[in-house]
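# An overview of the molecular structure
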Amino acid sequence: MTEKLIKISVPTRIRNNFLAGLIICAPIAITLWLTWSVVHWADSWVRPYIPARYDPENYLNFAVPGTGLVIAMIFITLIGFLAKNLIGQSIVRLGESLVNRVPLVRTIYKSVKQIFETVLKEQGTSFKKVGLIEYPSPGLWSMVFISTDAKGEIASKFDAMGHDMVAVFLPPTPVPTAGFLVFVPREKITILDMSPEDGAKLLISGGLVSPEFKQELIAAKGLPKPVPMDSLT
């Protein structure tokens, strides 16, 4: 049986080359654009408050992008340093007491502060692990980001029912910033070895970009059985 060579037309080759170049150039262009936008956004907020004698553009013949961003980072670092001493803590407490007296502002402030404290807490375990749960029905598996153990009133209700529950974030594809908060029994979660960054890539790509996995880590074929999350306690 003679093999027939499939001839690719010139327009098809041009299209394929264009798509290949687009895959390479688009991520680079978007990354540069986002970085440039953040730098200019920070400059537009900070630069008007920089005294003229400290602005490098007054001594140079060209613009220096990123000056406002650098000064903002130095300013934030100094605020954090001062807030750790006794005087700084007193000022922070005084400012928070004033904010707490304003009805609408105090709600926004407390919510935003709690989010930042949860995300940036060094000892926290928020979104440091990725797992699988059976959702939306038995036999169908969805990827989740492990948040934390159930706390407060919710934890007390689950304890009364004899359940050890974990809060997980169930994101949709391809926009993982929105999703559902789900409380799942600890033993029903299968912990994955991939990092949250790899998990986000897998979600955004709709399963096309799969993270690398060493074959020697596979103990058996198929999905591993649910394991206890002792590392999160």
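Here the residue numbering is sequential within each chain, running from 1 through the sequence in written order. Residue-level local features of this predicted model are given only where pLDDT is at least 70; pairs of side-chain atoms are given and counted only at 80 or more, and the full residue set underlies all totals for whole chains, interfaces and linings. No hydrogens and no water enter the side-chain calculation; it runs on all heavy atoms of the structure.

A few words now on the UniProt feature "transmembrane region" (unreviewed entry) in the protein chain. UniProt positions are given in the numbering used here, feature names are shortened, and annotations may be inferred rather than shown by experiment. If you check UniProt for "transmembrane region" (unreviewed entry), the listed places come out as residues 20-42 and 62-83 in our numbering. To qualify as a helix, a DSSP run of H or I must reach at least 4 residues; to qualify as a strand, a run of E must reach at least 2; elements of each kind are numbered from the N terminus. The span residues 20-42 shows a helical share of 100% and a strand share of 0%, and its end C-alpha atoms are spaced 34 Å apart. In the segment residues 62-83, helix accounts for 73% and strand for 0%; the C-alpha atoms at its two ends are 37 Å apart.

Relative to the 54 Å expected for 37 residues at 1.5 Å per residue, helix α1 (residues 10-46) spans 53 Å between its end C-alpha atoms, a close match to the ideal helical length. To obtain the bend at a residue, axes are fitted to the seven residues ending there and to the seven starting there, and the angle between these axes is taken. The largest bend in α1 is about 30°, located at C25, with the proline P27 one to four residues further on. Using a 1.4 Å probe on the protein chains alone, a residue whose accessible area is under 20% of its type maximum counts as buried, one over 50% counts as exposed, and one in between counts as partly exposed. Of the positions making up α1, those classed as buried are V39, A42, D43 and V46. Expected span, for any helix, means 1.5 Å times one less than how many residues it has.

Another aspect to go through is the pairing of strand β1 (residues 129-134). Here β1 pairs with strand β2 (residues 141-149) via six bridges, running antiparallel. Following the sheet pairing, K129 is matched in β2 by I146. The pairing criterion is simple: DSSP has to find at least two bridges between the two strands. A loop of six residues connects β1 with β2, the two strands running antiparallel in sequence, and G139 in this loop sits at a positive phi of about 95°. The pairing of β1 with strand β5 (residues 190-192) spans three bridges and is classified as antiparallel. Each bridged residue has a counterpart across the sheet, and for V130 the counterpart in β5 is L192.

In this fold, D43 is placed in helix α1. Within this scheme the basic residues Lys and Arg register as positive and the acidic residues Asp and Glu register as negative, but His and the chain ends are omitted. Here, a salt bridge means any Lys or Arg side-chain nitrogen found within 4 Å of an Asp or Glu carboxyl oxygen. Buried charged residue D43 carries no salt bridge. Nearest counter-charge: R47, at 4.6 Å. The contact criterion used is simple: two residues touch if any of their non-hydrogen atoms lie within 4.5 Å. Excluding its chain neighbours within four sequence positions, the residues that come into contact with D43 are P48, V64, P65, G66, T67, G68 and L69.

Let us now look at the pattern of salt bridges. In total, this model carries two salt bridges according to the counting rule given. R186 is paired through a salt bridge with D149; the nearest N and O atoms lie 3.0 Å apart. Residue R186 is located in the loop between β4 (180-185) and β5, and its partner D149 is located in strand β2; the two are separated by 37 residues in the primary sequence. In this structure, R186 engages D164 in a salt bridge whose closest nitrogen and oxygen atoms are separated by 2.6 Å. One end of the pair, R186, is in the loop between β4 and β5; the other, D164, is in the loop between α5 (152-160) and β3 (165-170), with 22 residues separating them in the sequence. According to the relative accessible area criterion, R186 is buried, its value standing at 8%. The network of salt bridges with shared partners includes D149, D164 and R186.

On to the sheet that holds β1. A sheet is described by the order of its strands in space; here five strands give the open sequence β4-β3-β2-β1-β5, paired in antiparallel fashion. Every interior strand has two partners, whereas the edge strands, β4 and β5, have only one. Adjacent strand axes in the sheet meet at a mean angle of 45° when their direction is disregarded. To get an axis, a line is fitted to the C-alpha atoms, and for a helix only the part in contact is used. The angle between two axes follows their N-to-C directions and goes from 0 to 180 degrees. In the packing of helix α6 (residues 196-204) onto the sheet, contacts are made with β1 and β2, and the angle to β2 comes to roughly 145°.

Definition of nonpolar core: a set of buried residues of the types Ala, Val, Leu, Ile, Met, Phe, Trp, Tyr and Cys, connected through side-chain atoms within 4.5 Å. With nine residues, the main nonpolar core is built from V130, L132, M143, F145, F169, L192, M194, L202 and L203. Those elements that provide at least two residues to this core are β1, β2 and α6. Judged by nonpolar contacts, the second largest core, of eight residues, contains I146, V166, V168 and V184.

So, about the packing of aromatic side chains. What counts as a ring pair is set by centres within 6.5 Å for rings of Phe, Tyr and Trp (its six-membered ring), and what kind of pair is set by the plane angle: stacked under 30 degrees, edge-to-face over 60, tilted for all other angles. All told, the structure shown has two aromatic pairs when counted by the stated rule. Seen in terms of ring centroids, W41 and W45 are 6.3 Å apart; in terms of plane orientation they differ by 55°. Their pairing is tilted. Here W41 pairs with W45, and both are found in helix α1, just four residues apart, close to one helical turn. Accessibility assignment for this pair places W41 and W45 in one class, exposed.

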